[in-house]
Amino acid sequence: MKKQYLLQNAIKQSLKSVVVASLSATFFMGLPVQADEIQQAGDGQCMVYAVHDRGLSDSQMIFFDPANALEMGGMGVEYPNYDLEAMDIDYTAPNGAGKLYVASGDDSVLPGHIFLVNKNSGALKDFGSTGYAEVDGISFNPVTNELWGWAQDDGLFKIPRIANNSTYPLNMGGIEMVFPTKGEFEDITWNEDGTKLYAVHNQKAGDPDANSDSDAKQTLIGYDISTGNVSEVCSDTIGKLVTESCSEIEAIDMAPNDSLIIGYHGCETLPVFAKLDPATCELTATAELKIPYDGILGGIPDIEGIAWPCPICPTGWKYAADSATDSTQIENPDDRSNVTVGGTDFEIYGMAIKDDGQSITVAFSANLPIGGIDASVPDEENGGMKDINMNWGDLMLDFGDNLLYGVHFTSNDSGVTELGVYEDITTKDVAADNDGWETLSQYSEKVSPNFEPLSFGDIEVDVFSPNPETLYFNPYESYNQPVVIASGKKVGDVEILDDSALADMGLDFAENIPSTGTQTFGFKFDKTVDMTNNFTAYIFEECVNDGVAIIAQCE
């Protein structure tokens, strides 16, 4: 089962409110609150969870908000002497997915135990002992839903489900040792197909609990479930991202596309999280903490376990280059068969988008200004035009599941007049009112005589597809492209940005697309709670003389 990646901002705010709510005297004493019904902080929300270890054995659950620069908060208060060493999320649990589990080490008052975590309050429910002294890593197999764990100096074990049913509770009485071995393995995680389990091996000589681990060699190993073979996947490169004070890996989890998220110990202001590609062993930093541990946790950063159910989203600009030779323009109204192709006043060269979790900024590089241009054919009698101005259409944002937003950012032939963001929209094609193309197929015949697919940035349209109705834009629909908003409900304002303001935000078309236009402009608007991470944004000009699309997709 694949992980769910939806972020609900309203639920996120509720979670933060719960964190600062008053707790019972029993909980302040550091004892687990035994709750038969573990509440969820909103199924489907995208929060990163972790367990922090202060000193030898004091533990606290924390969360990070990927939509807000990994802003950190505490889940409840500290658990003295619990030595929580591992964490993972069960995605096929009964009564809803997303239940959070932790496991304890040998310095705990309950060594080697499995606990269920209340994601609202941080309270623990004890599921009992594994029979091993220290559990350093846990991971649910996404296919069988068995909970696998690594016990220090004992090896790899698994906890099946009752009756071997993936939706039944864990069978704590049926724990099985799968791969006995000595040594210290800091954490484990399954790939998304449930075929290979990865583990970080800390090859420290002597007693695993003695002295510092910072100078020990760390390797990534893989366990193949079909053969039972264990092999080295990546060598000591996984511990070489940052300085010696931040070289010890103690947490690992599987992110989308089978990339690994690694948590480092003792990094202070250095990158705490990194991404590892197990196919190439390429290691890159993903983020630095923006809030110091002091005041929330105390002590130096020590991430013992993480559960990263969220996509890895780019924090900077994402660019989409459009063809520089696919615009059309009639230069002489007396000879309407003479159409110029490429480099015209309507050429779009590229589009860029930046999603910081709270707002979306969109920018264009084109020859067409934000206010459009005055056409040479002024009226319907001489050219079939509704007015003299030929302008941009409205920007559409497709979040899937029939969730479509529109942004009206300039005066055009839209069905709405007030600039802003609109939901519950319908769309319409206004090419007929602007002397434009009836179909994308006709447009293709003019701009793509070699029968190559039309390029609209991140989306191509192959007019010779055997199933054109399955394409994102149907090339044979007559005057039926989503050019402007026909109707909708305004839900937000839009801020227009010029090239200078965009440059201050780090926009650089020249370095990221092959060719640029004479005009650079954009706009910014706040996200609604339904605007989750992945979406497709696209825009056509009123005459459908060009268009561009970008797929803002997290990894």
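Caption draft 1: Broad picture of the overall build of the chain. The number of helices and strands found in the chain is five helices and 37 strands. Buried positions account for 55% of the 555 residues belonging to the chain. Within the chain, contacts between residues separated by at least 24 positions form 60% of all contacts whose residues are at least 6 apart in sequence. For the chain, the exposed surface amounts to about 22300 Å²; the carbon and sulfur share of it is 47%.

Caption draft 2: Here's a closer look at the nonpolar core. The biggest cluster of nonpolar side chains holds 33 residues, and the ones touching the most others in it are F364, L395 and L397. Where this core is concerned, the elements lending two or more residues are β24 (348-355), β25 (359-366), β28 (395-398), β29 (404-408), β35 (519-526), β36 (535-540) and β37 (547-552). Sorting elements by how many residues they give to this core places β25 first, with four residues. Setting aside residues up to four positions removed in sequence, L395 forms contacts with M351, V362, F364, Y405, G406, V407, F409, F523, A537, Y538 and I539. Counting 23 residues, the second-largest nonpolar core is a separate cluster that includes Y443, V447, I485 and F540.

Caption draft 3: Region of the structure containing the sheet that holds strand β10 (residues 155-159). The strand order across the open sheet built from four strands is β8-β9-β10-β11, with neighbouring strands paired in antiparallel fashion. In the strand order of this sheet, the two ends are held by β8 (135-140) and β11 (176-180), each with one partner. Sheet twist, expressed as the mean angle between neighbouring strand axes with direction ignored, is 25°. Bridge count for strand β9 (residues 147-151) against β10 is five bridges, and the pairing is antiparallel. The residue bridging A151 from the neighbouring strand is G155, located in β10.

Caption draft 4: View of the state of the cysteines. Tallying each qualifying case throughout the model produces one disulfide. Covalent S-S linkage joins C234 and C281, the inter-sulfur distance amounting to 2.0 Å. Across the disulfide from C234 to C281, rotation about the S-S bond amounts to roughly -95°, and the bridge is consequently left-handed. Of this pair, C234 sits in strand β15 (residues 230-234) while C281 sits in the loop between β18 (273-277) and β19 (282-287), placing them 47 residues apart in sequence. The class of C234 is buried, set by a relative accessible area of 0%.

Caption draft 5: Expanded view of the packing of aromatic side chains. Taken as a whole, this structure holds 26 aromatic pairs when the rule is applied. Ring centres 5.9 Å apart and planes at 85° place the aromatic pair F399 and Y405 in the edge-to-face group. Counting every residue linked through ring pairs, the aromatic cluster contains W437, Y443, F456, Y472, F473, Y538 and F540.

Caption draft 6: Here's a closer look at the side chain of D322. Looking at the element boundaries, D322 is found in the loop between β21 (318-321) and β22 (328-330). A polar side-chain atom of D322 sits 3.3 Å from the main-chain amide nitrogen of G457. Sequence-distant contacts of D322, that is, excluding residues within four places in its chain, are made with I348, Y349, G350, S455, F456, G457, D546, G547 and V548.

Caption draft 7: Summary view of the sheet that holds β25. Taken in spatial order, the five strands make up an open sheet running β21-β24-β25-β35-β34, and their pairing is antiparallel. The open sheet terminates on both sides in strands that have one partner only, identified here as β21 and β34 (495-498). Going from strand to strand, the sheet's axes swing by 20° on average, the running direction of each strand aside. Two elements, β21 and β24, share four bridges in a ladder whose sense is antiparallel. The residue of β24 that forms the bridge with A320 is M351.

Caption draft 8: Molecular detail of helix α4 (residues 440-447). Looking only at α4, the buried set comprises L440, S441, Y443, S444 and V447. Projection of α4 onto a plane perpendicular to its axis shows the buried side chains occupying an angular sector of 155°, all on one side. Turning to α4, the residues buried within the fold contact β22, β23 (339-341), β31 (454-456) and β36.

Caption draft 9: Structural detail: the pairing of strand β7 (residues 124-129). The pairing of strand β6 (residues 113-117) with β7 spans five bridges and is classified as antiparallel. The partner of I114 across the bridge, within β7, is G128. With antiparallel pairing between neighbouring strands as the criterion, β6 and β7 make up a hairpin whose turn holds six residues, including G122 at a positive phi of roughly 85°.

Caption draft 10: Expanded view of the environment of A133. Position of A133 among the secondary structure elements: in the loop between β7 and β8. Overall, the relative accessible area of 47% leaves A133 in the partly exposed class. A sequence separation of 29 residues divides A133 from S104, and the C-alpha atoms of the two residues are 8.7 Å apart. Setting aside residues no more than four positions away along its own chain, A133 makes contact with G105, D106, P111 and G112.

Caption draft 11: Representation of the side chain of R161 within the structure. Positionally, R161 belongs in the loop between β10 and β11. On the basis of relative accessible area, R161 is assigned to the buried category, the value being 3%. Among the polar contacts listed, one links the side chain of R161 to the side chain of D90, at a separation of 2.8 Å.

Caption draft 12: Highlighting the confidence of the model for the chain. In this model, the chain carries an average pLDDT of 80, and 77% of its residues clear a pLDDT of 70 or more. Put simply, helix α2 (residues 25-28) is where the chain has its lowest mean pLDDT, 22, and β34 is where it has its highest, 98. Counting contacts from residues 378-383, a segment whose pLDDT is below 50, to residues more than four positions away or on other chains yields eleven contacts.

Cut-offs and rules
Residues numbered from 1 in each chain as written. Predicted model: local features only at pLDDT ≥ 70, side-chain atom pairs only at ≥ 80, totals over all residues. Heavy atoms only, no water. Helix = DSSP H or I, 4+ residues; strand = E, 2+ residues; numbered from the N terminus. Buried < 20%, exposed > 50% of the residue type's maximum accessible area, 1.4 Å probe, protein only. Contact = heavy atoms within 4.5 Å. Areas by Shrake-Rupley, 256 points an atom, 1.4 Å probe, with all protein chains shown as cover. Core = buried A, V, L, I, M, F, W, Y, C linked by side-chain atoms within 4.5 Å. Pairing = 2+ DSSP bridges. Axes fitted to C-alpha atoms, helices over the stretch in contact; angles between N-to-C directions. Disulfide = S-S within 2.5 Å. Phe/Tyr/Trp six-rings, centres within 6.5 Å; stacked < 30°, edge-to-face > 60°. Polar contact = N/O pair within 3.5 Å; in protein donor to acceptor, adjacent residues only side chain to side chain. Arc of directions from axis to C-beta. pLDDT = per-residue confidence, 0-100.

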